[in-house]
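# Close look at the chain arrangement
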Amino acid sequence: MTLGNGIGIQSAAHVAAAGPQVVDETRKPVNRIRIHHLRDTKVKGEHFAMLTAYDQYTAEIFDQAGIEVLLVGDSASNNVFGNETSIPVTTEELLPLCRAVARSARRALVVADLPFGSYEVSAQQAVATGVRFLKEGLAHAVKIEGTKFYAETVRAMVEAGIPVMAHIGFTPQSEHALGGYRVQGRGSDRERLIEDAVALADAGAFCVLMEMVPASVAAAVNEAVEVPTVGIGAGNATTGQVLVWQDMAGLRGGRMAKFVKQYADLRTLLAAAAVAYGEEVRSGQFPGLEHSY
């Protein structure tokens, strides 16, 4: 049997061949998705899905749904901790979230964002932070934002045994330097974006994520690098796509970015459940006899 894009788990035929048995579903072996599986996906012209996750239950749900990559994003800053941007979140805040996701996802590749200020000082700082996310956070890989300026940083991390996903285009940690949320790679900036991607891939990045980039530019980047690419607001020519799960599932309210598609309306459902619960408690209807000992 396969889940998503042919990246396989234990086959039904293999189970049948073993004869009748009682199987503990929580202990069935599964094949962990690795970075070479993502590379194979690009070679085959297929696609993979990536979502953010910050806790046990979303990690379990998305993993069982066949989502290939889970990102413990610095987007937790404004989706978990209540900040306006991703800039304030710290390594110490992200590590426990990362552990929860990694402990709960049995199949997905777990990638952790390195937060702002945790890798920019030097390659040595980046290696030290990356090591913490693999050792303490139990992540399988990390993601850093930046241009080709960070190629040597990526090289040092990869040589230290830390798989790195590079993030180019609009990089939220640099929103003040970029002048706010603005599409990147337009006009003459197209070639710079391609150069960034090539330099970071050549330095050892196993994947290049592009955010808020014109679809034609993202397609050119995808052609220019051998490694898989991931898009968020970058058209459909990339190998993978990523969304913040609260956006995807309609938990967050307010105006959504153009690139967001909402697949559910959890905010309305959760609000209705809370209203119903509150009314039943205040009226004395809950708990009833069936909920009492």
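Anything mentioned here points back to the structure above.
What this report covers is the structure whose coordinates are included nearby.

The next thing to look at is a nonpolar patch on the surface. A contiguous nonpolar surface patch, about 280 Å² in accessible area, is contributed by Tyr 277, Val 281 and Phe 286. With respect to the secondary-structure elements, Phe 286 resides in the segment after α12 (266-283). Among the residues examined, Phe 286 registers a relative accessible area of 32% and is labelled partly exposed.

For helix α5 (residues 91-104), with 14 residues, the first-to-last C-alpha span of 20 Å sits near the 20 Å given by 1.5 Å per residue. Among all positions of α5, only Thr 91, Leu 94, Leu 95, Leu 97, Cys 98, Val 101, Ala 102 and Ser 104 are buried. In the core, the buried residues of α5 are packed alongside α3 (56-64), β2 (69-72), α4 (76-79), β3 (109-113) and α6 (123-135).

If you add up the space inside the largest pocket, you get close to 730 Å³. Around the largest pocket sit 30 residues that line it, and Asn 78, Tyr 181, Glu 211, Val 244 and Asp 247 are the ones nearest its centre. Of all the secondary-structure elements, those providing two or more residues to the lining of the largest pocket are α4, β4 (141-145), β6 (207-211) and β8 (240-243). Across the lining of the largest pocket, the residue classes tally to 13 nonpolar, 8 polar and 9 charged.

The next subject is the pairing of strand β5 (residues 164-169). The element β5 is largely enclosed, with a buried count of 6 among its 6 residues. Pairing geometry for β4 and β5, over 4 bridges, is parallel. Among the inter-strand pairings, Ile 144 is bridged to a residue of β5, identified as Ala 166. With respect to chirality, the unit in which β4 leads through helix α7 (residues 151-159) into the neighbouring parallel β5 is right-handed. As paired strands, β5 and β6 are joined by 5 bridges and run parallel to one another. Within β6, the position partnered with Met 165 by the bridge is Cys 207.

Cut-offs applied
Residues numbered from 1 in each chain as written. Predicted model: local features only at pLDDT ≥ 70, side-chain atom pairs only at ≥ 80, totals over all residues. Heavy atoms only, no water. Patch = residues over 30% accessible without salt bridge, like charges linked within 9 Å, V, L, I, M, F, W, Y side chains within 5 Å. Areas by Shrake-Rupley, 256 points an atom, 1.4 Å probe, with all protein chains shown as cover. Salt bridge = Lys/Arg side-chain N within 4 Å of Asp/Glu carboxyl O. Helix = DSSP H or I, 4+ residues; strand = E, 2+ residues; numbered from the N terminus. Buried < 20%, exposed > 50% of the residue type's maximum accessible area, 1.4 Å probe, protein only. Expected span 1.5 Å × (residues − 1). Contact = heavy atoms within 4.5 Å. 1 Å grid on protein atoms, 1.4 Å probe; cavity = no way out; pocket = protein on both sides within 12 Å on 5 of 7 lines; lining within 4 Å. Points joined across faces, edges and corners; volume = space filled by probe spheres on them. Nonpolar A, V, L, I, M, F, W, Y, C, P; charged D, E, K, R; others polar. Pairing = 2+ DSSP bridges. Right-handed = clockwise from strand over helix to strand, strands pointing away.

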